Amino acid sequence: MAIIIDGKKTAQEIRAKLKIRVEKLREKGITPGLSVTLVGENAASKVYVSSKDAAAREIGMSSWTHKFPSDVSEIELREHLRCQNSDPAVHGILLQLPLPSHLPEEHLLNLIAAEKDVDGFHPVSLGNLMLGRPGFKPCTPWGVQVLLNRYGISTRGKHVVIVGRSNIVGKPLANLFMQKGEGADATVTVCHSATPDLAQFTRQADIVVAAIGCAEFIRGDMVKDGVVVVDVGINRVEDSSSPKGYRLCGDVHFSSVEPKASAITPVPGGVGPMTIAMLLANTVWSAESKTGISGPIDLF
Ligand code: GUN
(Lines give C-alpha, C1' and ligand atoms only; values in the text may rest on other atoms or scores of the structure.)
Protein backbone atom coordinates (compact mmCIF):
# COMPACT_ATOMS: atom_id res chain seq x y z
CA MET A 1 0.00 0.00 0.00
CA ALA A 2 1.39 3.35 -1.04
CA ILE A 3 1.72 6.32 1.28
CA ILE A 4 -0.82 8.89 0.10
CA ILE A 5 1.01 12.23 0.07
CA ASP A 6 -1.40 14.75 1.58
CA GLY A 7 -0.84 18.08 -0.14
CA LYS A 8 -3.84 19.65 1.52
CA LYS A 9 -2.46 19.06 5.02
CA THR A 10 1.09 20.04 4.06
CA ALA A 11 -0.12 23.26 2.42
CA GLN A 12 -2.08 24.04 5.59
CA GLU A 13 1.11 23.63 7.68
CA ILE A 14 2.99 25.97 5.34
CA ARG A 15 0.22 28.57 5.44
CA ALA A 16 0.36 28.45 9.27
CA LYS A 17 4.13 29.18 9.15
CA LEU A 18 3.55 32.01 6.69
CA LYS A 19 0.81 33.51 8.84
CA ILE A 20 3.38 34.07 11.61
CA ARG A 21 5.70 35.82 9.15
CA VAL A 22 2.84 38.00 7.94
CA GLU A 23 2.05 38.98 11.55
CA LYS A 24 5.70 40.02 12.05
CA LEU A 25 5.59 42.13 8.90
CA ARG A 26 2.33 43.77 9.94
CA GLU A 27 3.90 44.70 13.29
CA LYS A 28 6.44 46.63 11.20
CA GLY A 29 3.61 48.34 9.27
CA ILE A 30 3.89 46.22 6.12
CA THR A 31 0.99 44.09 4.90
CA PRO A 32 2.05 41.76 2.08
CA GLY A 33 -0.20 42.45 -0.90
CA LEU A 34 -1.10 40.16 -3.82
CA SER A 35 -2.64 41.51 -7.01
CA VAL A 36 -4.34 38.95 -9.25
CA THR A 37 -5.62 39.71 -12.75
CA LEU A 38 -8.28 37.54 -14.33
CA VAL A 39 -9.33 37.97 -17.97
CA GLY A 40 -12.48 36.35 -19.33
CA GLU A 41 -14.80 33.63 -18.11
CA ASN A 42 -12.68 30.45 -17.91
CA ALA A 43 -14.49 28.42 -15.23
CA ALA A 44 -11.38 26.69 -13.85
CA SER A 45 -9.46 30.01 -13.71
CA LYS A 46 -12.28 31.62 -11.73
CA VAL A 47 -12.08 28.81 -9.14
CA TYR A 48 -8.27 29.08 -8.88
CA VAL A 49 -8.35 32.85 -8.53
CA SER A 50 -10.95 32.83 -5.77
CA SER A 51 -8.96 30.13 -3.92
CA LYS A 52 -5.81 32.28 -4.14
CA ASP A 53 -7.68 35.32 -2.87
CA ALA A 54 -9.21 33.40 0.07
CA ALA A 55 -5.87 31.81 1.03
CA ALA A 56 -4.08 35.18 0.98
CA ARG A 57 -6.70 36.85 3.18
CA GLU A 58 -6.77 33.91 5.56
CA ILE A 59 -3.12 34.46 6.51
CA GLY A 60 -3.58 38.22 6.91
CA MET A 61 -2.35 39.41 3.53
CA SER A 62 -4.07 41.98 1.32
CA SER A 63 -5.44 40.57 -1.91
CA TRP A 64 -7.00 42.27 -4.91
CA THR A 65 -8.64 40.50 -7.85
CA HIS A 66 -8.87 42.64 -11.00
CA LYS A 67 -11.37 41.23 -13.50
CA PHE A 68 -11.44 42.14 -17.19
CA PRO A 69 -13.83 41.02 -19.96
CA SER A 70 -12.46 38.54 -22.49
CA ASP A 71 -12.33 41.24 -25.21
CA VAL A 72 -10.13 43.60 -23.16
CA SER A 73 -7.50 45.26 -25.33
CA GLU A 74 -3.80 44.56 -24.94
CA ILE A 75 -3.23 48.29 -24.35
CA GLU A 76 -5.65 48.39 -21.42
CA LEU A 77 -4.07 45.33 -19.86
CA ARG A 78 -0.56 46.73 -20.29
CA GLU A 79 -1.62 49.96 -18.59
CA HIS A 80 -3.20 48.00 -15.73
CA LEU A 81 -0.03 45.92 -15.19
CA ARG A 82 2.10 49.09 -15.19
CA CYS A 83 -0.12 50.49 -12.41
CA GLN A 84 0.36 47.31 -10.37
CA ASN A 85 4.12 47.49 -10.91
CA SER A 86 4.28 50.98 -9.43
CA ASP A 87 1.84 50.44 -6.54
CA PRO A 88 3.90 50.14 -3.31
CA ALA A 89 1.10 48.19 -1.56
CA VAL A 90 1.47 45.41 -4.15
CA HIS A 91 4.31 42.95 -3.44
CA GLY A 92 3.21 40.25 -5.87
CA ILE A 93 1.50 40.35 -9.26
CA LEU A 94 -0.13 37.36 -10.91
CA LEU A 95 -1.70 37.27 -14.36
CA GLN A 96 -3.93 34.21 -14.43
CA LEU A 97 -3.38 31.95 -17.45
CA PRO A 98 -4.62 30.98 -19.96
CA LEU A 99 -5.40 34.34 -21.59
CA PRO A 100 -7.84 34.74 -24.50
CA SER A 101 -6.06 34.02 -27.78
CA HIS A 102 -5.84 37.66 -28.99
CA LEU A 103 -3.58 38.56 -26.04
CA PRO A 104 0.19 37.90 -26.24
CA GLU A 105 0.76 35.89 -23.09
CA GLU A 106 4.54 36.02 -23.09
CA HIS A 107 4.76 39.78 -23.72
CA LEU A 108 2.33 40.53 -20.94
CA LEU A 109 4.08 38.23 -18.45
CA ASN A 110 7.37 39.96 -19.28
CA LEU A 111 5.81 43.32 -18.39
CA ILE A 112 5.38 42.28 -14.76
CA ALA A 113 8.20 43.80 -12.68
CA ALA A 114 10.72 41.03 -11.95
CA GLU A 115 10.78 42.01 -8.25
CA LYS A 116 7.00 41.32 -8.04
CA ASP A 117 6.97 38.14 -10.16
CA VAL A 118 5.50 35.82 -7.50
CA ASP A 119 4.42 33.30 -10.17
CA GLY A 120 8.10 32.88 -11.07
CA PHE A 121 7.32 33.00 -14.81
CA HIS A 122 9.48 36.03 -15.72
CA PRO A 123 12.70 35.31 -17.66
CA VAL A 124 14.71 36.87 -14.79
CA SER A 125 13.16 34.43 -12.28
CA LEU A 126 13.68 31.49 -14.62
CA GLY A 127 17.28 32.56 -15.29
CA ASN A 128 17.99 32.73 -11.55
CA LEU A 129 16.42 29.31 -11.10
CA MET A 130 18.55 27.78 -13.84
CA LEU A 131 21.70 29.30 -12.36
CA GLY A 132 20.83 28.12 -8.84
CA ARG A 133 20.57 31.68 -7.54
CA PRO A 134 17.98 33.01 -5.08
CA GLY A 135 14.77 34.28 -6.69
CA PHE A 136 11.10 33.58 -7.14
CA LYS A 137 10.55 29.91 -7.94
CA PRO A 138 7.53 28.88 -10.04
CA CYS A 139 4.89 27.80 -7.56
CA THR A 140 3.92 24.33 -8.79
CA PRO A 141 7.49 22.99 -9.28
CA TRP A 142 8.55 24.47 -5.93
CA GLY A 143 5.44 22.93 -4.34
CA VAL A 144 6.41 19.49 -5.71
CA GLN A 145 9.92 19.86 -4.30
CA VAL A 146 8.72 20.97 -0.86
CA LEU A 147 6.05 18.25 -0.72
CA LEU A 148 8.56 15.46 -1.36
CA ASN A 149 11.00 16.93 1.11
CA ARG A 150 8.41 17.23 3.88
CA TYR A 151 7.54 13.56 3.38
CA GLY A 152 11.21 12.63 3.80
CA ILE A 153 11.48 11.52 0.16
CA SER A 154 15.01 12.38 -0.96
CA THR A 155 15.77 13.14 -4.59
CA ARG A 156 19.54 12.89 -4.11
CA GLY A 157 21.01 10.46 -6.63
CA LYS A 158 17.52 9.42 -7.74
CA HIS A 159 16.37 9.15 -11.32
CA VAL A 160 13.46 11.59 -11.67
CA VAL A 161 11.47 11.24 -14.90
CA ILE A 162 9.30 14.26 -15.67
CA VAL A 163 6.59 13.74 -18.26
CA GLY A 164 5.81 17.14 -19.79
CA ARG A 165 8.01 20.05 -20.86
CA SER A 166 5.84 23.12 -20.20
CA ASN A 167 7.39 26.44 -19.20
CA ILE A 168 5.24 26.40 -16.05
CA VAL A 169 6.00 22.91 -14.72
CA GLY A 170 8.24 20.52 -16.68
CA LYS A 171 11.14 22.80 -17.59
CA PRO A 172 11.45 24.64 -14.24
CA LEU A 173 10.99 21.43 -12.24
CA ALA A 174 13.82 19.76 -14.17
CA ASN A 175 16.01 22.74 -13.31
CA LEU A 176 15.08 22.65 -9.62
CA PHE A 177 15.81 18.94 -9.26
CA MET A 178 19.17 19.10 -11.07
CA GLN A 179 20.60 21.83 -8.81
CA LYS A 180 23.10 21.05 -6.08
CA GLY A 181 21.74 20.72 -2.56
CA GLU A 182 18.83 19.63 -0.41
CA GLY A 183 15.68 18.69 -2.30
CA ALA A 184 17.69 18.37 -5.52
CA ASP A 185 20.84 16.48 -6.64
CA ALA A 186 18.71 14.27 -8.89
CA THR A 187 19.40 12.76 -12.29
CA VAL A 188 16.60 14.16 -14.42
CA THR A 189 15.01 12.92 -17.63
CA VAL A 190 12.32 15.01 -19.35
CA CYS A 191 9.90 13.14 -21.64
CA HIS A 192 7.30 14.77 -23.88
CA SER A 193 4.94 14.26 -26.79
CA ALA A 194 7.81 13.54 -29.21
CA THR A 195 9.47 10.92 -26.96
CA PRO A 196 9.27 7.47 -28.62
CA ASP A 197 8.45 4.58 -26.27
CA LEU A 198 7.92 6.91 -23.32
CA ALA A 199 7.17 4.00 -20.97
CA GLN A 200 10.74 2.76 -21.43
CA PHE A 201 11.82 5.91 -19.50
CA THR A 202 9.07 5.99 -16.87
CA ARG A 203 9.80 2.32 -16.02
CA GLN A 204 13.36 3.31 -15.07
CA ALA A 205 12.23 6.12 -12.78
CA ASP A 206 12.61 6.20 -9.01
CA ILE A 207 10.30 9.22 -9.07
CA VAL A 208 7.79 9.96 -11.84
CA VAL A 209 6.26 13.43 -12.18
CA ALA A 210 3.27 13.55 -14.51
CA ALA A 211 2.66 17.02 -15.94
CA ILE A 212 1.45 16.31 -19.45
CA GLY A 213 -2.16 17.54 -19.26
CA CYS A 214 -3.68 14.25 -20.39
CA ALA A 215 -6.15 12.46 -18.12
CA GLU A 216 -4.90 9.19 -16.57
CA PHE A 217 -1.98 8.94 -19.04
CA ILE A 218 0.47 7.18 -16.69
CA ARG A 219 -0.76 3.63 -16.08
CA GLY A 220 0.41 0.84 -13.81
CA ASP A 221 2.38 -0.98 -16.51
CA MET A 222 4.48 2.18 -17.10
CA VAL A 223 6.12 2.29 -13.64
CA LYS A 224 8.35 0.03 -11.57
CA ASP A 225 7.56 -1.36 -8.12
CA GLY A 226 8.33 1.05 -5.30
CA VAL A 227 8.15 4.17 -7.49
CA VAL A 228 7.20 7.56 -6.04
CA VAL A 229 4.56 9.22 -8.21
CA VAL A 230 3.71 12.92 -8.27
CA ASP A 231 0.62 13.87 -10.26
CA VAL A 232 0.54 17.51 -11.35
CA GLY A 233 -2.43 17.11 -13.72
CA ILE A 234 -5.92 18.45 -13.06
CA ASN A 235 -8.33 17.31 -15.77
CA ARG A 236 -12.09 17.56 -15.98
CA VAL A 237 -13.56 14.42 -17.50
CA GLU A 238 -17.23 13.96 -18.33
CA ASP A 239 -19.13 11.96 -15.72
CA SER A 240 -22.90 11.82 -15.98
CA SER A 241 -23.14 10.21 -12.52
CA SER A 242 -21.70 13.36 -10.88
CA PRO A 243 -24.04 16.30 -10.12
CA LYS A 244 -21.55 18.66 -11.83
CA GLY A 245 -21.47 16.49 -14.97
CA TYR A 246 -17.72 16.01 -14.64
CA ARG A 247 -15.12 14.63 -12.25
CA LEU A 248 -11.56 15.77 -11.58
CA CYS A 249 -8.70 13.43 -12.28
CA GLY A 250 -4.96 13.69 -12.68
CA ASP A 251 -2.50 12.62 -15.36
CA VAL A 252 -2.01 9.35 -13.46
CA HIS A 253 -4.36 6.37 -13.59
CA PHE A 254 -4.51 6.14 -9.80
CA SER A 255 -6.09 2.70 -9.37
CA SER A 256 -3.47 0.86 -11.49
CA VAL A 257 -0.42 2.90 -10.34
CA GLU A 258 -1.08 3.14 -6.59
CA PRO A 259 -0.60 -0.63 -5.87
CA LYS A 260 2.91 -0.47 -7.37
CA ALA A 261 3.94 2.84 -5.78
CA SER A 262 5.64 3.42 -2.43
CA ALA A 263 4.14 6.94 -2.30
CA ILE A 264 1.73 8.85 -4.53
CA THR A 265 -0.04 12.22 -4.62
CA PRO A 266 -3.82 12.15 -5.12
CA VAL A 267 -5.90 14.47 -7.33
CA PRO A 268 -7.47 16.52 -5.87
CA GLY A 269 -5.59 17.17 -2.61
CA GLY A 270 -2.03 16.58 -3.81
CA VAL A 271 0.03 19.17 -5.66
CA GLY A 272 -2.84 21.66 -6.25
CA PRO A 273 -3.00 23.12 -2.71
CA MET A 274 0.82 23.36 -2.64
CA THR A 275 0.80 25.70 -5.67
CA ILE A 276 -1.25 28.24 -3.73
CA ALA A 277 0.86 27.88 -0.57
CA MET A 278 4.03 28.60 -2.57
CA LEU A 279 2.42 31.62 -4.21
CA LEU A 280 1.80 33.01 -0.72
CA ALA A 281 5.39 32.14 0.27
CA ASN A 282 6.75 34.08 -2.72
CA THR A 283 4.57 37.08 -1.86
CA VAL A 284 5.64 37.07 1.79
CA TRP A 285 9.28 36.79 0.69
CA SER A 286 8.77 39.74 -1.69
CA ALA A 287 7.34 41.87 1.13
CA GLU A 288 10.12 40.80 3.51
CA SER A 289 12.76 41.82 1.02
CA LYS A 290 11.41 45.41 1.29
CA THR A 291 12.20 45.43 5.02
CA GLY A 292 15.71 44.08 4.98
CA ILE A 293 14.52 40.63 6.16
CA SER A 294 15.71 39.13 2.94
CA GLY A 295 16.76 35.59 3.77
CA PRO A 296 15.18 32.80 1.74
CA ILE A 297 12.05 31.18 3.14
CA ASP A 298 12.93 27.73 4.38
CA LEU A 299 9.89 25.52 4.11
CA PHE A 300 11.64 22.15 4.14
N1 GUN B 1 -3.07 28.89 -14.59
C2 GUN B 1 -2.98 27.65 -14.07
N3 GUN B 1 -2.04 27.61 -13.10
C4 GUN B 1 -1.52 28.87 -13.02
C5 GUN B 1 -0.53 29.46 -12.21
O6 GUN B 1 0.10 28.81 -11.34
N7 GUN B 1 -0.28 30.78 -12.41
C8 GUN B 1 -0.96 31.50 -13.36
N9 GUN B 1 -0.64 32.79 -13.50
N10 GUN B 1 -1.89 30.97 -14.13
C11 GUN B 1 -2.17 29.66 -13.96
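What counts as what
Residues numbered from 1 in each chain as written. Predicted model: local features only at pLDDT ≥ 70, side-chain atom pairs only at ≥ 80, totals over all residues. Heavy atoms only, no water. Axes fitted to C-alpha atoms, helices over the stretch in contact; angles between N-to-C directions. Helix = DSSP H or I, 4+ residues; strand = E, 2+ residues; numbered from the N terminus. Parallel < 35°, antiparallel > 145°, perpendicular 65-115°, else oblique. Contact = heavy atoms within 4.5 Å. Nonpolar A, V, L, I, M, F, W, Y, C, P; charged D, E, K, R; others polar. Pairing = 2+ DSSP bridges.

Trainee: Residues and numbers for the packing of helix α1 (residues 7-27) against helix α6 (residues 139-150), please.
Mentor: Put simply, α1 and α6 touch, their axes get as near as 11 Å, and they point 100 degrees apart. As the angle between them shows, α1 and α6 are arranged roughly perpendicular. Where α1 approaches α6, its residues Gly7, Thr10, Glu13, Ile14 and Lys17 are matched on the opposing element by Val146, Leu147 and Arg150. Of the residues in the contact of α1 with α6, the class split is 3 nonpolar, 2 polar and 3 charged.

Trainee: Residues and numbers for the sheet that holds strand β3 (residues 62-68), please.
Mentor: Overall, parallel pairing links the 3 strands, which are arranged β3-β2-β4 in an open sheet. With partners counted over all chains shown, the strands left at the sheet margins are β3 and β4 (92-95), one partner each. In this sheet, adjacent strand axes meet at a mean angle of 15 degrees when their direction is disregarded. When strand β2 (residues 33-39) meets β4, the two strands line up parallel, connected through 4 bridges. Its bridge partner lying in β4, leucine 34 is registered against glycine 92. In the packing of helix α2 (residues 43-58) onto the sheet, contacts are made with β2, β3 and β4, and the angle to β3 comes to roughly 160 degrees.

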